[in-house]
Amino acid sequence: MSDKTSFSVQTKDELARIYPDKPCCRLAELAAMVRMDGTVTLGTGSKMGLYVTTEYSAAARKVYRLLKDCFDIEGEITIKRQTRLKRHTLYNIRVPAGDRVPEVLRQLGILAEGEGRAILPGIRKDLIRTQCCRRCYLRGAFLGGGSISSPDGNYHLEIITSHERLAASLAALINRFPEMQAKVSRRKQWYVVYMKDSQHIAAFLTVIGAHRALLEFESTKIMKDMKNQVNRLVNCETANLGKTVDAAIRQIENIHLIDETVGLDNISKPLADLARLRIENPEINLKELGELMQPPIGKSGINHRMRKLEELAMEIRKRSQAGQDEIRLAK
């Protein structure tokens, strides 16, 4: 896989096949999926109905099964194929309008208790009392509105909702796990709960049970990190080689100037020996030059002698410049 969509699809496909063992966990996951993808309708006599819409057939089957197990309700699944703009299939799980829907919505933490029909913001606390229920709620939220980019590119995981309070509650729920840190931003009319740190994303995949996706995420991340490290090393070596070549060219220019003006035979023997050795070996570094000296000397010793040769060349240039100035003044 190489793009965001395919990695998200694979991750959601894996998550949709995980079925919670405990009734409380099933309720938490269903509550998140309905909160993210559900629509409440009013039918004849103002009776409430419920639709849950998803692009993933496995997620639709999961919602159907959770409704059956949690409330003994058999939803009606319909399939709608989009033909304009985005060509994809939508799966609708419908709970017909009736007397049971308000109670279902109350148990899912969506409708307030009592006779009223006020929609509750955020996440009801009793749905996420235990660690296992918190994990299931996050799994359902990701199934309903999440996406994850392929680790081949930039690291990015997000859950999108149109409700500000729900986004804040999701971020707070994620941040209850010490190994994760989520933030919230606004994107037009949407609120985005996101993570960009690879370690936080890997921890999130672990928490929601996406172990296969985690394995691929980690292996791709390791390969990418290795490639980046190799590139850094190559760039570093290239930069160091460039510095060595530039320094060698400057040293050889200084030596030629000294030889043409003063003469190598007229400077100290240690400096003359190093100068001749550098002319004969323009491509090697200072450490290797020191190893060729008789007797061999260290890099610091070679550096000291090279500085002496450079100072001598600088003095020759100064005198040459002063002589030219005297000629110009005489004219």
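Residues numbered from 1 in each chain as written. Predicted model: local features only at pLDDT ≥ 70, side-chain atom pairs only at ≥ 80, totals over all residues. Heavy atoms only, no water.

### Digging into the nonpolar core
Turning to step 1, where the next piece is worked out: In this structure, Leu108, Tyr137, Leu138, Leu170 and Phe204 are the most contacted members of the largest nonpolar core, which totals 70 residues.
Turning to step 2, where the next piece is worked out: In terms of residues, this core owes the most to one element, helix H2 (residues 23–37), which gives nine residues.
Turning to step 3, where the next piece is worked out: Leaving out residues up to four positions away in the same chain, Phe204 has contacts with Leu138, Phe142, Leu157, Ile159, Ile174, Met180 and Met195.
Turning to step 4, where the next piece is worked out: Counting 19 residues, the second-largest nonpolar core is a separate cluster that includes Ile255, Leu264, Ile284 and Leu289. (Core = buried A, V, L, I, M, F, W, Y, C linked by side-chain atoms within 4.5 Å. Buried < 20%, exposed > 50% of the residue type's maximum accessible area, 1.4 Å probe, protein only. Helix = DSSP H or I, 4+ residues; strand = E, 2+ residues; numbered from the N terminus. Contact = heavy atoms within 4.5 Å.)

### A word on the pattern of salt bridges
Turning to step 1, where the next piece is worked out: Following the criterion strictly, the structure yields 15 salt bridges and no others.
Turning to step 2, where the next piece is worked out: With a closest N to O distance of 4.0 Å, Asp69 and Arg65 form a salt bridge. With Asp69 and Arg65 both in helix H3 (residues 57–71) and four residues apart, the pair spans about one turn of that helix.
Turning to step 3, where the next piece is worked out: The salt bridge partner of Asp72 is Lys68, with a shortest N-O separation of 3.2 Å.
Turning to step 4, where the next piece is worked out: What makes Lys68 partly exposed here is its relative accessible area of 32%.
Turning to step 5, where the next piece is worked out: What emerges from the salt-bridge pattern is a single network uniting Glu29, Lys62 and Arg139. (Salt bridge = Lys/Arg side-chain N within 4 Å of Asp/Glu carboxyl O.)

### Topic: the sheet that holds strand S1 (residues 38–42)
Turning to step 1, where the next piece is worked out: Taken in spatial order, the four strands make up an open sheet running S1-S2-S4-S3, and their pairing is antiparallel. A single partner strand is all that each edge strand has here, and the edge strands are S1 and strand S3 (76–81). Across the sheet, the mean angle from the axis of one strand to that of its neighbour is 25°, orientation sign disregarded.
Turning to step 2, where the next piece is worked out: Across five bridges, the pairing between strand S2 (residues 48–54) and strand S4 (residues 89–95) is antiparallel. Each residue of the ladder has a partner; that of Val52, found in S4, is Ile93. (Pairing = 2+ DSSP bridges. Axes fitted to C-alpha atoms, helices over the stretch in contact; angles between N-to-C directions.)

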